[in-house]
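Residue strings, one per chain:
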Amino acid sequence: LRSSSYAAIAACLATVLFLSRSTSACDLCDGIERADSRVVRLTSTTVDSALEAHAAVLLGFYAPWCEVCKWFAATYEKIATELHSEGVLVAKINVAEDSDLASRFAAQVTNSPILRVVRRGQVMAYTGPRGATDLCAHMRQQLRPALLHLGNDESAVDQFNAAPPAALARVVVRAPLAVERGASVADLSQHLMLDAADRAAGALTGQVAFAAITDASVPDSGVASMRIPWAEPGAPGSSISYEGPPSHAAMLQWARYRSVPPAGALTRESAQVYLRGGHTLVVALAPGESIEPWAAVLGHVAEARSRAADKGALPVWLVWARKDDPAHALLFRRLNFALPSTYGVLGPWVPGAGTQVAVLNVTGSGVFVQHTVHVTISTPAKLETTVTHALDLYAQQALPADVRVLGVDMRGWPFQLAAGVIAGGLAVHAANAQRQRRRQHAATHDTTQHETRREPSRGGQPEGNRLRNGKAGDLQ
């Protein structure tokens, strides 16, 4: 009877395993491949060619231990099946097997799958609804031009610039090439400027709005201009012309840079812009320093730099804040704006006394490589000279860089770590030794008193006299 029960249990387990394998939607979770699956599995050797071959790609990053990935598998397969005939690639990447790709796309899976949308080579994080209907609609939108086509109606340009939200920067591209409403992204590839603007528009959705208008009076290469949101409409400087090359990388860099003021005070709100991505020069003013003269100098430098950026030069934001501003205590600690003698492995952090400068190459939110100018600046006049020279060196990639990741100074970190461990170990050892000596002393004292009370007197002396007249050796 017992053997037959074991056989029945084994048969049930085998049936469950078979059904789970046969009904698995795809290998987004468990590594089981289906011959009819529309989800394409990518690896480090195939991902680049797949991204180049498709205008829109949905990447799903999963891990074998992720339970939510298993639940999401059926939805992901449904999305892939529905979009297969429309030219959208739905793919998956196992982060346990391709950790390099997880780092490249910033997709560290913990308890749910990570989704990335790649539109014409531009990678964007997807944080919207994950239902099949919502994701399919979002991916179909990626196949359409991100440019708003205005035809040849000049009045439409004014309406576009006046449309809400007012704080949104707007770029208008003029080209003699007629682009019909409802055109595909493939139609834009015929014109370099339109193609570059469409790629930039897809990457800057929600930050900068782009529109295209047919204008036979402009050169064949086309022209682009931006209405900046912080200037009064129609005022001098409210419209900026783009004079850089017709490449999507240059257009993207220029549009992101010009969509906010090129210089400004570093606040909690502006830090979300200036430290989100790009190049930023941070001036940490000495505690108690008057901000106005320093801000005037930086505004003058930023204006000259922004005009050069319109022609394709490297754009760098200039921001400032005082070291004694409590809102930026953590940032300045991460930037290590301190005197060398006041910051150690175990010692407290104290802001440096003078004004200091660093250029940040921000690759992501809060992720940067820092180039510190190792000069303490005493006057606003010296600041202009120092900043101008530093930016020239930085643009030429000649400004030495601190090796920093997430603001942690990694220069000589093995020595710093070893020194911290040794110093901490010595401190712990000293404290333990002191406690041990105290215990021994207390135990010896208690034992001596106990034995003294019980031991009979020798030589006719009373116990008290013997202890008072005794030597140290008598107590051991």
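This is a predicted model, so every value here is computed, not measured. (Residues numbered from 1 in each chain as written. Predicted model: local features only at pLDDT ≥ 70, side-chain atom pairs only at ≥ 80, totals over all residues. Heavy atoms only, no water.)

Caption draft 1: How the structure looks around the overall build of the protein chain. Check the secondary structure of the protein chain and you find 15 helices and 17 strands. Out of the 476 residues in the protein chain, the part that is buried amounts to 40%. By sequence separation, contacts in the protein chain at least 24 residues apart represent 71% of the contacts at least 6 residues apart. Here the protein chain displays about 25,500 Å² of accessible surface, and carbon together with sulfur accounts for 57% of that area. (Helix = DSSP H or I, 4+ residues; strand = E, 2+ residues; numbered from the N terminus. Buried < 20%, exposed > 50% of the residue type's maximum accessible area, 1.4 Å probe, protein only. Contact = heavy atoms within 4.5 Å. Areas by Shrake-Rupley, 256 points an atom, 1.4 Å probe, with all protein chains shown as cover.)

Caption draft 2: A look at the environment of Lys382. For Lys382, the position within the fold is in helix H13 (residues 380-395). Residues within four places of Lys382 in sequence aside, it is in contact with Val375, Thr376 and Ile377.

Caption draft 3: Just the packing of aromatic side chains, in detail. For the structure shown, the criterion picks out five aromatic pairs. When the centroid spacing of 5.6 Å and the interplanar angle of 45° are considered together, the rings of Phe61 and Phe105 count as tilted. Here Phe61, found in strand E2 (residues 56-62), pairs with Phe105, found in the loop between helix H4 (99-104) and strand E4 (114-119); they are 44 residues apart in sequence, far enough to count as distant. Considered together, Phe61 and Phe105 belong to a single accessibility category, that of buried residues. (Phe/Tyr/Trp six-rings, centres within 6.5 Å; stacked < 30°, edge-to-face > 60°.)

Caption draft 4: Molecular detail of the nonpolar core. Counting residues in hydrophobic clusters, the biggest one holds 27 residues, and the most contacted among them are Val171, Phe210, Met251 and Trp254. Of all the elements in the fold, those that place two or more residues in this core are strand E7 (169-175), helix H8 (192-203), strand E8 (208-214), strand E9 (223-227), strand E10 (239-242) and helix H9 (248-258). At seven residues, H8 tops the list of elements feeding residues into this core. Those residues in contact with Val171 that lie beyond four places of it in its chain are Phe160, Val208, Ala209, Phe210, Ala211, Ala224, Ser225, Met226 and Trp254. (Core = buried A, V, L, I, M, F, W, Y, C linked by side-chain atoms within 4.5 Å.)

Caption draft 5: Spotlight on the pattern of salt bridges. Applying the stated criterion across every chain yields a total of 15 salt bridges. For the salt bridge of Arg322 with Asp324, the shortest nitrogen-to-oxygen distance reads 3.0 Å. On the basis of relative accessible area, Arg322 is assigned to the partly exposed category, the value being 28%. A relative accessible area of 38% means that Asp324 is categorised as partly exposed. Via salt bridges that share partners, Arg119, Arg120, Asp195, Asp198 and Arg199 belong to a single interconnected network. (Salt bridge = Lys/Arg side-chain N within 4 Å of Asp/Glu carboxyl O.)

Caption draft 6: The sheet that holds E7, seen in detail. Here we have five strands laid out as an open sheet, ordered E6-E8-E7-E9-E10, and mixed in their pairing. The sheet is open, and its two borders are formed by strand E6 (148-149) and E10, each paired with just one other strand. (Pairing = 2+ DSSP bridges.)

Caption draft 7: Region of interest: the confidence of the model for the protein chain. This prediction gives the protein chain a mean pLDDT of 75; 70% of its residues lie at or above 70. In this model residues 16-27 is a low-confidence stretch, pLDDT under 50, and it forms 17 contacts with partners more than four residues away in sequence or in other chains. For the stretch residues 339-351, pLDDT sits under 50, and the model shows 23 contacts to residues farther than four places along the chain or on other chains. (pLDDT = per-residue confidence, 0-100.)

Caption draft 8: Focus on the pairing of E2. Of all seven residues in E2, seven are buried, a share of seventy percent or more. Judged by which residues are buried, E2 turns out to be covered on both faces: Ala56, Leu58, Gly60 and Tyr62 on one side and Val57, Leu59 and Phe61 on the other are all buried. The pairing of E2 with strand E3 (residues 88-94) spans seven bridges and is parallel. Paired with Phe61 across the two strands is Ile93, which belongs to E3. Each parallel crossover has a hand, and for E2 linked through helix H3 (residues 67-83) to E3 it is right-handed. (Right-handed = clockwise from strand over helix to strand, strands pointing away.)

Caption draft 9: Structural context of the packing of H9 against helix H11 (residues 291-310). Between H9 and H11, whose axes approach to 10 Å, the crossing angle comes to 150°. Here H11 runs roughly antiparallel to H9, going by the angle between their axes. In this structure, H9 crosses over H11, and the sense of that crossing is left-handed. Every residue of H11 that contacts H9 at Trp254, Tyr257 and Arg258 is listed here: Ala302, Arg305, Ser306, Arg307, Ala309 and Asp310. Class assignment of the residues belonging to the contact of H9 with H11 gives a composition of four nonpolar, one polar and four charged. (Axes fitted to C-alpha atoms, helices over the stretch in contact; angles between N-to-C directions. Parallel < 35°, antiparallel > 145°, perpendicular 65-115°, else oblique. Left-handed = near helix turned anticlockwise from the far one by under 90°. Nonpolar A, V, L, I, M, F, W, Y, C, P; charged D, E, K, R; others polar.)

Caption draft 10: Geometry of helix H5 (residues 132-142). If you check which residues of H5 are buried, you get Ala132, Leu135, Cys136, Met139 and Gln142. Down the axis, H5 shows its buried residues gathered within 115° of arc, on one side only. (Arc of directions from axis to C-beta.)

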